[in-house]
Amino acid sequence: VCRESTSYDPIIVKDFLKEAKLPDPRPLIYVCDLHGFVAELTDYLYKNSLMKYIEVYVVKVNPLQCPSVIGSLIDLDCSEDF
């Protein structure tokens, strides 16, 4: 639903998905990507140790957002090993 529809309030849905702490955050990734919440998405994934999904986002979902993701990770003092 999040990926195929825009008939929802993106902020409410984003906040709901963040609070739900889903084991698979793909719905959150789709909502954040579609509505430009990339920095918040990166922050959430990093702080919840979901590094695999940061990589999936940058490689498969939206490679054009790579600079924004890297900037957010630098702001979060992410280890360069990642």
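Because the structure is predicted, anything quoted here is derived from the model rather than measured. (Residues numbered from 1 in each chain as written. Predicted model: local features only at pLDDT ≥ 70, side-chain atom pairs only at ≥ 80, totals over all residues. Heavy atoms only, no water.)

### As for the nonpolar core
Then comes step 1: Within the largest apolar cluster, 20 residues are counted, with the highest numbers of intra-cluster contacts made by Leu28, Ile29, Leu41, Leu45, Tyr57 and Val69.
Then comes step 2: Secondary-structure elements contributing two or more residues to this core are helix H1 (10–20), helix H2 (26–35), helix H3 (38–47), helix H4 (51–61) and helix H5 (66–75).
Then comes step 3: Those residues within four positions of Val69 in sequence are excluded, and the remaining contacts are Val38, Thr42, Ile54, Tyr57 and Val58. (Core = buried A, V, L, I, M, F, W, Y, C linked by side-chain atoms within 4.5 Å. Buried < 20%, exposed > 50% of the residue type's maximum accessible area, 1.4 Å probe, protein only. Helix = DSSP H or I, 4+ residues; strand = E, 2+ residues; numbered from the N terminus. Contact = heavy atoms within 4.5 Å.)

### Re the packing of aromatic side chains
Then comes step 1: Summed over all chains, the structure comprises zero aromatic pairs.
Then comes step 2: One Lys or Arg, Lys14, reaches over the ring of Phe37 and ends 4.8 Å from the middle of that ring. (Phe/Tyr/Trp six-rings, centres within 6.5 Å; stacked < 30°, edge-to-face > 60°. Lys NZ or Arg CZ within 6 Å of the ring centre and 35° of its normal.)

### Thoughts on the environment of Val59
Then comes step 1: Mapped onto the elements, Val59 comes out in helix H4.
Then comes step 2: Taking relative accessible area as the criterion, Val59 reaches 52% and is therefore assigned exposed.
Then comes step 3: Sequence-wise, Val59 and Asp81 are 22 residues apart; in three dimensions their C-alpha atoms are separated by 17 Å.

### As for the packing of H4 against H5
Then comes step 1: Where H4 meets H5, the axes come as close as 9 Å, and the angle between the chain directions of the two elements is 155 degrees. Relative to H5, the element H4 lies roughly antiparallel. Along the contact surface, H4 presents Ile54, Tyr57 and Val58, while H5 presents Cys66, Val69 and Leu73. (Axes fitted to C-alpha atoms, helices over the stretch in contact; angles between N-to-C directions. Parallel < 35°, antiparallel > 145°, perpendicular 65-115°, else oblique.)

### Structural notes on the environment of Pro23
Then comes step 1: Note on placement: Pro23 falls in the loop between H1 and H2.
Then comes step 2: In the structure, Pro23 is positioned 18 residues away from Leu41 in sequence and 15 Å away in space, judged by C-alpha atoms.

### Regarding unusual backbone geometry
Then comes step 1: Of note in the backbone geometry, Lys21 takes a positive phi value of approximately 50 degrees without being a glycine.
Then comes step 2: Relative to the elements of secondary structure, Lys21 occurs in the loop between H1 and H2.
Then comes step 3: Here Asp77, not a glycine, exhibits a phi torsion of approximately 60 degrees, which is positive.
Then comes step 4: Mapped onto the secondary structure, Asp77 falls in the segment after H5.

### Some remarks on the pattern of salt bridges
Then comes step 1: Enumeration over the complete set of coordinates arrives at five salt bridges.
Then comes step 2: Measuring nitrogen to oxygen at the nearest pair gives 2.7 Å for the salt bridge that ties Lys14 to Glu40. Of this pair, Lys14 sits in helix H1 while Glu40 sits in helix H3, and the two are 26 residues apart along the sequence.
Then comes step 3: Its relative accessible area of 4% is what places Lys14 among the buried residues.
Then comes step 4: Between Lys47 and Asp43 there is a salt bridge, and its shortest N-O distance comes to 3.2 Å. Of this pair, Lys47 and Asp43 both sit in helix H3, four residues apart, roughly one helical turn.
Then comes step 5: When salt bridges with common partners are traced through the structure, they connect Lys14, Asp15, Lys18 and Glu40 into a single cluster. (Salt bridge = Lys/Arg side-chain N within 4 Å of Asp/Glu carboxyl O.)

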